[in-house]
Amino acid sequence: MSMFGKVKLGIRSKIYVASLVIVMMLLLSGVMAFFEFGRMSRYISNLISSSIMTVDLTRNLINTCDRYHSDLFRQIGDDGLLAQPETIPTEEFESSIDRLYSVMTSKEERQMTDSVRYAYSAYMQVSREIESVWLRPQEERTDWYFNRLQVVYEKFRNYLQRLSDSSQTILTDNYNSLQDSYYRSIMPGVVANAASIILIILFVYLLSLYVIKPVVKMSRGLRDYRQSGKSYNVTFDYGGDQIQSMNEEIKEIVDENKSFKNRKS
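The rules behind the values
Residues numbered from 1 in each chain as written. Predicted model: local features only at pLDDT ≥ 70, side-chain atom pairs only at ≥ 80, totals over all residues. Heavy atoms only, no water. Helix = DSSP H or I, 4+ residues; strand = E, 2+ residues; numbered from the N terminus. Contact = heavy atoms within 4.5 Å. Areas by Shrake-Rupley, 256 points an atom, 1.4 Å probe, with all protein chains shown as cover. Patch = residues over 30% accessible without salt bridge, like charges linked within 9 Å, V, L, I, M, F, W, Y side chains within 5 Å. Salt bridge = Lys/Arg side-chain N within 4 Å of Asp/Glu carboxyl O. Lys, Arg positive; Asp, Glu negative; His and termini not counted. Charge placed at Lys NZ, Arg CZ, Asp CG, Glu CD. Buried < 20%, exposed > 50% of the residue type's maximum accessible area, 1.4 Å probe, protein only. Core = buried A, V, L, I, M, F, W, Y, C linked by side-chain atoms within 4.5 Å. Expected span 1.5 Å × (residues − 1). Arc of directions from axis to C-beta. Phe/Tyr/Trp six-rings, centres within 6.5 Å; stacked < 30°, edge-to-face > 60°. pLDDT = per-residue confidence, 0-100.

Draft legend 1. Molecular detail of the overall build of the protein. When helices and strands are tallied, the protein shows seven helices and zero strands. In sequence order, the secondary structure elements of the protein are arranged as α-α-α-α-α-α-α. When contacts within the protein are restricted to residue pairs at least 6 apart in sequence, those whose partners lie at least 24 apart make up 76%. Per element, the accessible surface of the protein, about 17,400 Å² overall, is 57% carbon and sulfur.

If you want it as structure tokens, here you go:
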């Protein structure tokens, strides 16, 4: 016999224990759902914020490089050049790259950023040739622009665009993950509440079995004795609590009353 089989609880203790279990299950489900939802919300919110910042930084880099490259083309195609055009601000670009590294959350984005950095280095290396071609005839400058600089720039911009597309894809995935996390966070509460409902049903069943049903049987036994003089033979298949003791005491009282009536008659 198990430990619980040896322990005989009173009816009041049984009700208290069942009620306490239900309350604990409900409290536990609420606490679990609260912490799980908070954890998932913070995690996904950070991912979304990082993805948004990555997209913004990448777009700014694309706009800056496009603006410089377009301005360079207009100046190269112009006659009467007075000054050498400036290159892409290196410090601004490196600062943006460093910020990208600080907000990125995926290995794929970091690899793409490395590719952008290498492509930028190649572009800057070719752009330095502008010192030797700047004062050449317009035809030679244009030829250098399209056959040398444009080639490396297209690779450079392609990596930037791929990084932007990757960041947008990750942003979409994180948004979908936020929706999924909502359902995952409430699942512990749903499961615990379902278990609590089952416990309530079980509690009502046990209350009916161990309290209501015995009381009804004792009531019928007393009624039969009073109305028809039948013997009080109410018995239970379980015992050890106050209801069992009360049933035995009722049986003794009924037997004594019946013996007294027999002697009197």
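There's more to say after this.
Draft legend 2. Geometry of a negative patch on the surface. Taken together, the side chains of Glu248, Glu249, Glu252 and Glu256 make up a negatively charged region of the molecular surface. Here glutamate 252 shows up in helix H7 (residues 242-264). Overall, glutamate 252 belongs to the partly exposed group, its relative accessible area being 49%.

Draft legend 3. Spotlight on the pattern of salt bridges. Across all of its chains, the model carries four salt bridges by this definition. As a salt-bridge pair, glutamate 129 and arginine 148 come within 2.4 Å of each other at their nearest N and O atoms. Of this pair, glutamate 129 sits in the loop between helix H4 (107-127) and helix H5 (130-133) while arginine 148 sits in helix H6 (residues 138-228), and the two are 19 residues apart along the sequence. Relative accessible area serves as the criterion here: at 27%, glutamate 129 is assigned to the partly exposed category. Overall, arginine 148 belongs to the partly exposed group, its relative accessible area being 39%. With its nearest N and O atoms 4.0 Å apart, the salt bridge here joins glutamate 140 to arginine 136. Residue glutamate 140 is classed as partly exposed on the basis of its relative accessible area of 40%.

Draft legend 4. Up close: the nonpolar core. Membership of the largest hydrophobic core comes to 29 residues, with the highest contact counts inside it found for Leu72, Tyr123, Trp144, Leu149 and Phe156. Those elements that provide at least two residues to this core are helix H2 (11-76), helix H3 (90-103), H4, H5 and H6. By residue number, the principal contributor to this core is H6, which donates eight residues. Judged by nonpolar contacts, the second largest core, of nine residues, contains Val211, Tyr225, Val234 and Ile250.

Draft legend 5. Inspection of a nonpolar patch on the surface at higher detail. A contiguous nonpolar patch, built from Leu20, Val23, Met24 and Leu27 and spanning about 390 Å² of accessible area, is present on the exposed surface. Within the secondary structure layout, leucine 20 lies in helix H2. Residue class for leucine 20 comes out exposed when judged on its relative accessible area of 53%.

Draft legend 6. H4, seen in detail. Taking 1.5 Å as the rise per residue, H4 with 21 residues should run 30 Å; its terminal C-alpha atoms sit 30 Å apart, in good agreement. What H4 keeps buried is the set Glu109, Met112, Thr113, Val116, Ala119, Tyr120, Tyr123, Met124, Val126 and Ser127. Buried residues of H4, viewed axially, fall in a sector of 150 degrees; they line one side. H4 presents Lys107, Tyr118 and Gln125 as exposed residues on the side facing more than 90 degrees away from its buried surface.

Draft legend 7. The packing of aromatic side chains, seen in detail. Scanning the entire structure with this criterion turns up six aromatic pairs. Between tyrosine 145 and phenylalanine 146, the aromatic rings sit 5.2 Å apart at their centres with planes inclined by 85 degrees, giving edge-to-face as the arrangement. A relative accessible area of 41% means that phenylalanine 146 is categorised as partly exposed. Here tyrosine 153 and phenylalanine 156 contribute two aromatic rings whose centre-to-centre distance is 6.3 Å and whose plane-to-plane angle is 70 degrees, an arrangement assigned as edge-to-face. Here the residue tyrosine 153 and the residue phenylalanine 156 both occupy positions in helix H6, the gap between them amounting to three residues, near one helical turn. The pair formed by tyrosine 153 and phenylalanine 156 is uniform in burial state, with each residue classed as buried. Through a chain of ring-to-ring contacts, the aromatic side chains of Tyr68, Tyr120, Tyr123, Tyr153 and Phe156 assemble into a single cluster.

Draft legend 8. Here's a closer look at the environment of isoleucine 243. Mapped onto the elements, isoleucine 243 comes out in helix H7. As for isoleucine 243 and tyrosine 210, which are separated by 33 residues in sequence, their C-alpha atoms are 8.4 Å apart.

Draft legend 9. Spatial organisation of the confidence of the model for the protein. Averaged over every residue, the pLDDT of the protein is 75; residues scoring 70 or more account for 77%. When mean pLDDT is taken per element in the protein, H4 scores highest with 82 and helix H1 (residues 3-6) scores lowest with 46. pLDDT under 50 marks residues 1-5. Its contacts with residues more than four places away, or in other chains, come to one contact.

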